[in-house]
Amino acid sequence: MMALIFRRLLQAIPVLFIVVTLTFLLVRSAPGSPFSTEKKVPKEIMEELEKQYDLHGTIGHQYEQYMGKVAHGNLSLSTQYRNRTVNEIIAQTLPVSMTLGSLAYFLALLCGIPIGAWAAVRHNQAGDRFLMLGALLGISIPSFVSAPLLVMWLALSWNLLPAYGWGSPDQILLPAFCLSLPFTASIARLTRGSLLEVLKLDFIRTARAKGLPEKTVLFGHALKVAILPIIGYSGPAAAGILTGSIVIETLFGIPGIGPFFVNSALNHDPFMTSGVVLVFSLFLILFNLLTDILYFVVDRRVKLA
Amino acid sequence: MGGSSSRVSRTLTLTAILAGAVVLFFAFFFFLGGWTLSAPADLTLSNGAEPQTLDPAIITGEPELRVSQALFEGLTTRNTKGTVIPGMAASWTLSPDNLTYTFTLRPGIKWSNGEPITSYDFLNSWERSLNPLTASQYSYQLYYLVNGEAYGTGKLRDFSQVGVKAPDDHTLVVTLNHPTAYFLELTTLPILFPVHLASIKKYGRDWTKPGKMVCNGPYILKEWRLNDYILLEANPDYWQPVPIHRIKVLPTDSPTACFNLFYSHKTDLIIDKTSIPTELVQDIRDKPYFHANPFGATTFVRFNVKRKPFDDVRVRKALALALDKKDIVEKITRAGEPVAATLVPPGSAGYTPPSGLSYNVTEARRLLAEAGYPNGQGFPDVTMLYPARSNWVQIATEMQALWRRDLGITSIHLSGQEWRVYLNTQQLIDFDFAVSDWIGDYNDPQTFLDMFTTDNGNNETNWGNPQYDQMLVASSAAHGPAQRMKIFQDMEKMLVEDEVPIVPVYFWVGLSLYYPDRVGGFEPNFVDEHPWGQLYIPGKK
């Protein structure tokens, strides 16, 4: 297994290299300068700025300069937040997103799996229909609709939770719940579908024929097998949920990394964009690897080749 | 059976490990800094976007400007009414030729680390602002000084030839190229603030961080977390007492979130009008917390006068005459913005604007027919550029509809571009016509009128008239303010009545939300500047 981990980490290097290259070149080839303002900047000043940020000369030269820094772990300076390095911004915002994300992720697993299992057991009964309708809504209603609605009810009308901000424990609940909603719904649907398939299999019939209590059949035998697609889903999902969400973080004013994915591109902040894309890719690679390892642990049929 | 139960226990263990890992993960980031509790503040305010920097020489935006004015102070500053008053300088004299200012610094003024502030601090800070290596985008505000431009563009290396001298510790002598009526307004701007050069030398780029920044304004920088908050604390070394001990400044990207925060009493003051949802303005206009004031900024349309059909002044005039501006401010902006017939907003001291072109569809149709497009027939395909943010798309769409309604033009297309791309297209003048805006740098018509001289980088219309350029030169040599304002009036008449390279649409209003019994020392004013050092909490003063 160590060989596999080692090999996969080695493979990650060219992947990350390509990702960063494409991001940087795309951002730099967009029209407009990171330093333009409404008022025209004198030519000399513009040139000096580009020089200070290593954004002068040909795009090939700029790329070379940047990759040289990245190879040393230096993600360069943000052109938007002028006194900060990209490393510094990520170091400050990523833990915030991960705090919120890990709670949302935990919530999604904690609620999604039992809901799905419960629905599968009551297959085609009213409870199943009701929960699956709820899950369908959870998947289809985007968070920029669900979050403001929840804010309106829970925060503004009933004054139960704060509408906005970061810094006290009650401020994490509403955003974490909103962030977890679509994931909970997906996991519930996946669990139900997978469990229904498994419950039809021969080994379940055998278990029931042996007279095992239904609870043991369900939790001891069926769910163990049915969990595999959920592992497959939740690995990459973790990468997404832990690196923040622009919608949730903007709406709730959470100082996380999520908004940088979009805003840095809008601001033409090439190093920031490349930096956050690099972080996201790293997470994705790591969690995919973790997923594969989990597969191996849970399902003995899986060979780590 | 044995295998099965061992696998059950394995699954259980695995689940437990996973759950544990998630909890640990959470706890880890919780303590690593994903979570912080700031010190309690006496006043919380929403300040618009996250400041890009707090370095006074680098600042370009309004949110940065407001925070930096709380941390630093120039030779002059403003009172709550927006009027220029003495700041670091106690007094000044102006030479009879209106070219040399001699400032005398306030006695006993100190940096927040206790060191005295001298006129050399100003001299060296201005050198830093002008120095091309600082790459300050606003350094042109120092081009008014003798040789300022030459030094700022690197043509002159010797700063001693620039028009600023410090004969002793508390005197600063400034020599200008031309008489500049609004120079004392410029000295309130961040680019002319003194900065503590020793700490910049020591900390480099990090000097703007809490604990490292040395200031001279009413507040010091206590804490600053990106996109989270800035905590300011009263500066005990400031030359006068500061009424509020701690101010918490919140950055907010989403106007809705910002309003929610105010509505649930988590913030006391919303300053930036971009932080107030425009769709709500209509509903909250009559509330006791809603405050509006005229503000020196104008939204207007630029024509590219080198492109057909806008090379024809009759077409430009027709479009200007047929634009129902009232419809735009009543339907879209809705904050009580006055419609604009001129570029210079009303309220510039001593200035009487020309009457401009008012809404007149008959005359517009006549001009359009004369130009060869009766009832809009045969009008070529043209594209209007606008920035794809806030309510610009609605404004552009409404204009398109209005010109179709009143002039029968059906060939106007819209092109929304993301902000920085839009700025680039506009600077390259690669558009037919564009929706634009301008915020005055100081309270004087010149900040609006000088951008349409032929070579001005902000002209962006391809329009130019030597007579217009000469009038601007004449204005700086004018005898007295009355004559100067008369010249400006003639210039503006040429701009908005005769040649029409631009169509003014509406003047801005500054909006702020606060309960007057919770926030004191905040007065609506024309420059929309509200010094935080003069804010107080009523009843606590």
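Fair warning: this is a prediction, and the values are worked out from it, not measured in the lab.

**Q** If you had to explain the overall build of chain B to someone new, which residues and values would you point to?
**A** When you go through chain B residue by residue, the secondary structure sums to 16 helices and 16 strands. Projected onto the principal axes, the alpha-carbon positions of chain B cover approximately 95 × 80 × 50 Å. Expressed as a percentage of the 541 residues in chain B, the buried residues total 58%. By element, 54% of the accessible surface of chain B is carried by carbon and sulfur atoms, the whole surface being about 21400 Å². Within chain B, the 56 negative side-chain charges are centred at a point lying 5 Å from the centre of the 47 positive side-chain charges.

**Q** Provide a residue-level description of helix H3 (residues 119-130) of chain B, including the pertinent values.
**A** Residue and element names in this part refer to chain B. Compared with the 16 Å implied by 1.5 Å per residue over twelve residues, the 17 Å span of H3 between its first and last C-alpha is a close match. Here H3 has its buried residues at Ser119, Asp121, Phe122, Leu123, Ser125, Trp126, Glu127, Arg128, Ser129 and Leu130. Contact partners of the buried residues in H3: strand E5 (100-105), helix H4 (148-152), strand E6 (164-168), strand E7 (171-175), helix H5 (183-186) and helix H6 (197-203).

**Q** Describe the sheet that holds strand E15 (residues 433-439) of chain B, listing the residues and the values that go with them.
**A** Residue and element names in this part refer to chain B. If you walk across this open sheet you meet the ten strands as E8-E9-E10-E1-E11-E16-E12-E15-E13-E14, and the pairing is mixed. Because the sheet does not close on itself, it has two edges, and the strands there are strand E8 (219-225) and strand E14 (412-417). Seen against the sheet, helix H12 (residues 392-407) touches strand E12 (290-303), strand E13 (382-387), E14, E15 and strand E16 (502-514) and runs at an angle of roughly 155° to E13.

**Q** Account for the nonpolar core, naming residues and giving values.
**A** Residues and elements named next belong to chain A. Counting residues in each nonpolar core, the largest one holds 85 residues, and the members touching the most others are Tyr66, Ile90, Leu100, Leu195, Phe252, Phe260 and Phe283. Ranked by the residues each element gives to this core, the list is headed by helix H4 (residues 86-121), at 13 residues. Beyond its immediate sequence surroundings of up to four residues, Phe252 is in contact with Ala147, Val151, Ala163, Tyr164, Gly165, Leu174, Pro175 and Cys178.

**Q** Just give me the short version of the sheet that holds E6(B), but keep the residues and values in it.
**A** All names here are of chain B. Read from one edge of the open sheet, four strands run E4-E5-E7-E6, paired in antiparallel fashion. In the strand order of this sheet, the two ends are held by strand E4 (89-94) and E6, each with one partner. In this sheet, neighbouring strand axes are inclined to one another by 20° on average, regardless of whether the strands run parallel or antiparallel. Judged from the three bridges that link them, E6 and E7 form a sheet pairing that is antiparallel. Along E7, the bridge assignment pairs Asp168 with Thr171. Its contacts with the sheet put H3 on E5, E6 and E7, and the angle it makes with E6 is roughly 160°.

**Q** I'd like to hear about the interface of chain B and chain A, residue by residue, with values.
**A** Contact with chain B, which involves 74 residues of that partner, is made by 63 residues of chain A. For the pair chain B and chain A, the summed buried surface comes to about 6200 Å²; carbon and sulfur atoms form 59% of the total. Put simply, chain B and chain A have two salt bridges between them. Put simply, chain B and chain A have 17 residue pairs in polar contact (both at pLDDT 80 or more) between them. Ranked by residue count, the leading element in the side of chain B that touches chain A is helix H1 (residues 2-34) of chain B, at 17 residues. Of the residues that constitute the side of chain B that touches chain A, the class distribution is 34 nonpolar, 24 polar and 16 charged.

**Q** Break down the packing of aromatic side chains for me, citing the residues and quoting the values.
**A** Where two aromatic rings form a pair, the distance of their centres and the angle of their planes describe that pair. On inspection of all chains with the given rule, the structure shows 33 aromatic pairs over all chains. Measuring from ring centre to ring centre gives 5.2 Å for A:Phe35 and A:Tyr53, while their planes differ by 50°; the resulting arrangement is tilted. Taken together, the residues A:Phe35 in the loop between helix H1 (2-29) and helix H2 (43-52) and A:Tyr53 in the loop between H2 and helix H3 (59-71) connect sequence positions 18 residues apart. With a centroid separation of 5.1 Å and 70° between ring planes, the pair formed by B:Tyr373 and B:Phe379 is classed as edge-to-face. Neither B:Tyr373 nor B:Phe379 differs from the other in exposure class; each is buried.

Here is what the cut-offs are and how they apply
Residues numbered from 1 in each chain as written. Chains lettered and ligands numbered in written order. Predicted model: local features only at pLDDT ≥ 70, side-chain atom pairs only at ≥ 80, totals over all residues. Heavy atoms only, no water. Helix = DSSP H or I, 4+ residues; strand = E, 2+ residues; numbered from the N terminus. Buried < 20%, exposed > 50% of the residue type's maximum accessible area, 1.4 Å probe, protein only. Areas by Shrake-Rupley, 256 points an atom, 1.4 Å probe, with all protein chains shown as cover. Lys, Arg positive; Asp, Glu negative; His and termini not counted. Charge placed at Lys NZ, Arg CZ, Asp CG, Glu CD. Expected span 1.5 Å × (residues − 1). Contact = heavy atoms within 4.5 Å. Pairing = 2+ DSSP bridges. Axes fitted to C-alpha atoms, helices over the stretch in contact; angles between N-to-C directions. Core = buried A, V, L, I, M, F, W, Y, C linked by side-chain atoms within 4.5 Å. Buried area = accessible area lost by both parts, 1.4 Å probe. Salt bridge = Lys/Arg side-chain N within 4 Å of Asp/Glu carboxyl O. Polar contact = N/O pair within 3.5 Å; in protein donor to acceptor, adjacent residues only side chain to side chain. Nonpolar A, V, L, I, M, F, W, Y, C, P; charged D, E, K, R; others polar. Phe/Tyr/Trp six-rings, centres within 6.5 Å; stacked < 30°, edge-to-face > 60°.

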